[in-house]
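Breakdown of the fold
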Amino acid sequence: MKAAIIGAGNIGRALAQGLVESGAAVPAAITVTRRNSAALAEFAAEGFITGTDNREAVRNADVIFLCILPQQLNAVLDEIAPMLQAQRQLVVSVVTGAHSSDLRRHLGDEARIIRAMPNTALRVKASMTCLAASGATDEDLRFVQHLFGTMGSSIVINEELMSAATALCACGIAFFLRSIRAAAQGGVEIGFHAHDAITIAAQTALGAAQLLLQNGTHPEEEIDKVTSPKGCTIAGLNEMEHQGLSSALIKGIKLSASIAGELYKK
Ligand SMILES: NC(=O)c1ccc[n+]([C@@H]2O[C@H](COP(=O)([O-])OP(=O)(O)OC[C@H]3O[C@@H](n4cnc5c(N)ncnc54)[C@H](OP(=O)(O)O)[C@@H]3O)[C@@H](O)[C@H]2O)c1
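Residues numbered from 1 in each chain as written. Predicted model: local features only at pLDDT ≥ 70, side-chain atom pairs only at ≥ 80, totals over all residues. Heavy atoms only, no water.

1. What about the UniProt feature "domain: Pyrroline-5-carboxylate reductase dimerisation" (unreviewed entry) in the chain?
Here, UniProt's "domain: Pyrroline-5-carboxylate reductase dimerisation" (unreviewed entry) annotation points to residues 159-261. Taken end to end, residues 159-261 comprises 80% helix and 0% strand; its first and last C-alpha atoms sit 12 Å apart. (UniProt positions renumbered as here; feature names shortened; annotations may be inferred. Helix = DSSP H or I, 4+ residues; strand = E, 2+ residues; numbered from the N terminus.)

2. A few points about the packing of aromatic side chains
Here the distance between the centres and the angle between the planes together describe a pair of aromatic rings. A full pass over the atoms with the stated rule returns 2 aromatic pairs. Between F43 and F48, the aromatic rings sit 5.8 Å apart at their centres with planes inclined by 70 degrees, giving edge-to-face as the arrangement. The pair F43 / F48 is uniform in exposure class, with both members buried. With a centroid separation of 6.4 Å and an interplanar angle of 80 degrees, the aromatic rings of F65 and F148 are classed as edge-to-face. Of this pair, F65 sits in strand β4 (residues 63-66) while F148 is found in helix α6 (residues 138-149), placing the two residues 83 residues apart along the sequence. Given a relative accessible area of 1%, F148 falls into the buried group. Sitting over the ring of F43, R13 keeps its end group 4.2 Å from the ring centre. (Phe/Tyr/Trp six-rings, centres within 6.5 Å; stacked < 30°, edge-to-face > 60°. Buried < 20%, exposed > 50% of the residue type's maximum accessible area, 1.4 Å probe, protein only. Lys NZ or Arg CZ within 6 Å of the ring centre and 35° of its normal.)

3. Quick notes on a negative patch on the surface
On the surface, a cluster of negative charge is made up of E220, E221, D224 and E241. Looking at which element gives the most residues to the negative patch, the answer is helix α10 (residues 219-224), with 3 residues. Here E220 lies in helix α10. (Patch = residues over 30% accessible without salt bridge, like charges linked within 9 Å, V, L, I, M, F, W, Y side chains within 5 Å. Areas by Shrake-Rupley, 256 points an atom, 1.4 Å probe, with all protein chains shown as cover. Salt bridge = Lys/Arg side-chain N within 4 Å of Asp/Glu carboxyl O. Lys, Arg positive; Asp, Glu negative; His and termini not counted. Charge placed at Lys NZ, Arg CZ, Asp CG, Glu CD.)

4. Looking at unusual backbone geometry
Positive phi, normally seen in glycine, also occurs at K125, with a value near 55 degrees. Along the polypeptide, K125 turns up in the loop between β6 (112-117) and β7 (127-134). Judged by relative accessible area, K125 falls into the partly exposed class, the value being 41%. Here K230, not a glycine, exhibits a phi torsion of approximately 60 degrees, which is positive. With respect to the element layout, K230 can be found in the loop between α10 and α11 (232-242). Under the relative-accessibility criterion, K230 is labelled exposed at 88%.

And the structure:
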């Protein structure tokens, strides 16, 4: 696979690294672009093809990943549209809030488009990626599912749920990271050095996630196995709930999803 990553920022970086780490592509088959050429030096040092010319990057690619900000999308689409060969090339957009019909307005009716909503854990092959196809073939979708599957897990969703996916999955990693940081700060208050507190909190979070993913259980079922009667877990949990833990997460995710849906229009 020859890939073009248009927009080598945070998620473009994670994607480039994930593609290589997972063995899906070698650096020499991936062209990464951004306008600031100095910022591409580290990619070049790792063997990626780099450049500031999006058209040139698209010309040589089988798969084009759009990794620019929503407000940068229209200019990029207009720039690459004349180069795009729908028969030969697949467009994968990770851009928040831009519907496939928005992309199609610029790229034409024939364009094969898949929207993807991964998170930065792509770079450690542990992303959750939500996918929705528009005008792409079943084979395209299977290919992209496989691709993101090598960098974690992937799930196909209705495109109308893409803003919800953005909040739960792409922003979600920041929400869980903040939770781990908060737990670690609590850990420091009760006696651990910061580094140990983060290691303990992060591994504990990983264990919690693996219990759910491997056992297919509901979180509350696993919690019931931890909360001894009159014990310290239920005391801690109930205090967190009195302080609004679940409510804060739910409200944050709802706000995030509603803003995700508006970002492209701004
Ligand atoms: N970050 C995440 O975790 C995440 C997860 C899922 C989806 N997304 C979505 O992915 C997109 C990118 O997010 P991000 O966080 O990676 O943003 P970012 O770090 O700002 O990256 C965007 C990149 O696009 C480049 N760029 C801007 N205009 C360009 C152009 N005309 N041609 C080529 N490159 C151009 C920018 O570099 P120059 O200024 O040097 O051009 C920048 O490196 C957004 O739509 C976001 O909603 C992000």
